[in-house]
Protein chains: 2
Amino acid sequence: MSARELEHALRDAGVRITRQRSAILRILAEADDHPDANELYSRASALEPTVSLSTVYRTLSILEDKGVVHRLTFEGAPARFETADTPHHDHMIDLETGDVIEFRSDKIEKLQAEIAAELGYDIVYHKLELYGRRKARNQAGRLGA
Amino acid sequence: MSARELEHALRDAGVRITRQRSAILRILAEADDHPDANELYSRASALEPTVSLSTVYRTLSILEDKGVVHRLTFEGAPARFETADTPHHDHMIDLETGDVIEFRSDKIEKLQAEIAAELGYDIVYHKLELYGRRKARNQAGRLGA
DNA sequence: TTAACTGCAAATCCTTTGCACGCTG
DNA sequence: CAGCGTGCAAAGGATTTGCAGTTAA
């Protein structure tokens, strides 16, 4: 999602585009990892030294409200953020490095809906996170050397 | 899981059973909901007025380490706890009431493992939470009255 | 102009910790 | 009786908020 599109989403909602917000939007648009508020704050500070962490949080909350940004709350870590342009996906978290990998499974999505239906519920949103470690490469006998 | 079993798990690990811990274990054993630390604290206080919230937290951490208790960290709410005796399951959270319903799907479990394998990972643990609302009962035309 | 926005510092919430004393094994 | 365990109060980290000044529209 481009910074322009994010701005548009805000403007349409009657939200003012300030220098600080503009910087945050640009940073958010070009991030292809999943930065937390503090990380976004340092990156945005480089573009616009007057941003404060409060403004980063406030802006993220608005963007989340407008549905253009998703807040990812992983186990015992500050929330991370991503723009909501990519189709729905879930996350695998590398326990060693903290890396986040996106994936998607239509089969799982469908099963979830079925389960919820059986329990008498409509799903509003869900969270599927796989926490794991890189597989040892040469496990199947073909050991190196 | 009975209080006795929980005690056993601790004793085996060389952990002392104090009056406070004993009370916490009994509460934990008989809880069939998913209480948070504070709730456990109030319930345990009734049995043993000398327990403190610190001790509740400390005891829960030990039990989690020993693998006999699971810490459930749902969206923007204090952690909830459950004894680890039931086989693995996931949770559906009622957004209106906060109720937690357990469910299990072998199909989903299997799909998760497959996905992780494809990504080159071994799953250490995962988290699947469905957040939803009770289905309106008479949606399919058969409206009441 | 003026209502929305800002940075700052202080406040919140949940959880953990340091300390001096108490109690289990 | 040696440590582990305790309560208390204070510290901690992430996030939110009150306030008085600033700025976009």
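Looking at an unreviewed UniProt entry, chain A carries the name Ferric uptake regulation protein, with the source organism given as Oceaniradius stylonematis. What UniProt states about chain A under its Sequence similarities (unreviewed entry) heading is, verbatim, "Belongs to the Fur family."

Some words on the protein's contact with DNA strand D
Around DNA strand D, 21 residues are found, and the nearest of them are Tyr 57 of chain A together with Thr 18, Thr 50, Ser 52 and Thr 55 of chain B. Take Ala 79 of chain A: an N or O atom from its main chain is 3.1 Å from a phosphate oxygen of DNA strand D. For DNA strand D, a phosphate oxygen lies 3.2 Å from a polar atom in the backbone of Val 51 of chain B. Of all the secondary-structure elements, those providing two or more residues to the surface near DNA strand D are helix H4 (53–65) of chain A together with helix H2 (19–30) and helix H4 (53–65) of chain B. Of the residues that constitute the surface near DNA strand D, the class distribution is 6 nonpolar, 8 polar and 7 charged.

Some details on the sheet that holds strand E5 (residues 121–134) of chain A
The mixed open sheet is built from 6 strands, whose spatial order is E4(A)-E3(A)-E5(A)-E5(B)-E3(B)-E4(B). Two strands close off the open sheet at either side, each with one partner strand: strand E4 (100–103) of chain A together with strand E4 (100–103) of chain B. Across the sheet, the mean angle separating the axes of adjacent strands is 25 degrees when strand polarity is ignored. Lying over the sheet, helix H5 (residues 106–119) of chain A contacts strand E3 (90–94) and E5 of chain A together with strand E3 (90–94), E4 and strand E5 (121–134) of chain B, oriented at roughly 135 degrees with respect to E5 of chain A. Here helix H5 (residues 106–119) of chain B sits on the sheet in contact with E3, E4 and E5 of chain A together with E3 and E5 of chain B, set at roughly 135 degrees to E5 of chain B.

A closer look at the interface of chain A and chain B
Across the contact, 33 residues belong to chain A and 33 residues belong to chain B. Across the chain A to chain B interface the summed buried area is about 3,400 Å²; carbon plus sulfur atoms make up 64%. Among the residues of chain A in contact with chain B, Tyr 121, Tyr 125 and Lys 135 of chain A are the three that bury the most area, contributing 21% of the side total. Linking chain A to chain B there are 2 salt bridges. The partner of Lys 127 of chain B in a salt bridge is Glu 75 of chain A, with the nearest N and O atoms 3.1 Å apart. There are 19 residue pairs in polar contact (both at pLDDT 80 or more) connecting chain A and chain B. Looking at the side of chain A that touches chain B, the elements with two or more residues in it are E3, E4, H5 and E5 of chain A.

Looking at the protein's contact with DNA strand C
Around DNA strand C, 20 residues are found, and the nearest of them are Thr 18, Thr 50, Ser 52 and Thr 55 of chain A together with Tyr 57 of chain B. In the model, a base nitrogen of DNA strand C is placed 2.8 Å from a nitrogen or oxygen of the Arg 58 of chain A side chain. Taking Arg 16 of chain B, its side chain carries an N or O atom lying 3.0 Å from a base oxygen of DNA strand C. Elements represented by at least two residues in the surface near DNA strand C include exactly helix H2 (19–30) and H4 of chain A together with H4 of chain B.

Conventions used here
Residues numbered from 1 in each chain as written. Chains lettered and ligands numbered in written order. Predicted model: local features only at pLDDT ≥ 70, side-chain atom pairs only at ≥ 80, totals over all residues. Heavy atoms only, no water. UniProt positions renumbered as here; feature names shortened; annotations may be inferred. Near = heavy atom within 4 Å. Polar contact = N/O pair within 3.5 Å; in protein donor to acceptor, adjacent residues only side chain to side chain. Helix = DSSP H or I, 4+ residues; strand = E, 2+ residues; numbered from the N terminus. Nonpolar A, V, L, I, M, F, W, Y, C, P; charged D, E, K, R; others polar. Pairing = 2+ DSSP bridges. Axes fitted to C-alpha atoms, helices over the stretch in contact; angles between N-to-C directions. Contact = heavy atoms within 4.5 Å. Buried area = accessible area lost by both parts, 1.4 Å probe. Salt bridge = Lys/Arg side-chain N within 4 Å of Asp/Glu carboxyl O.

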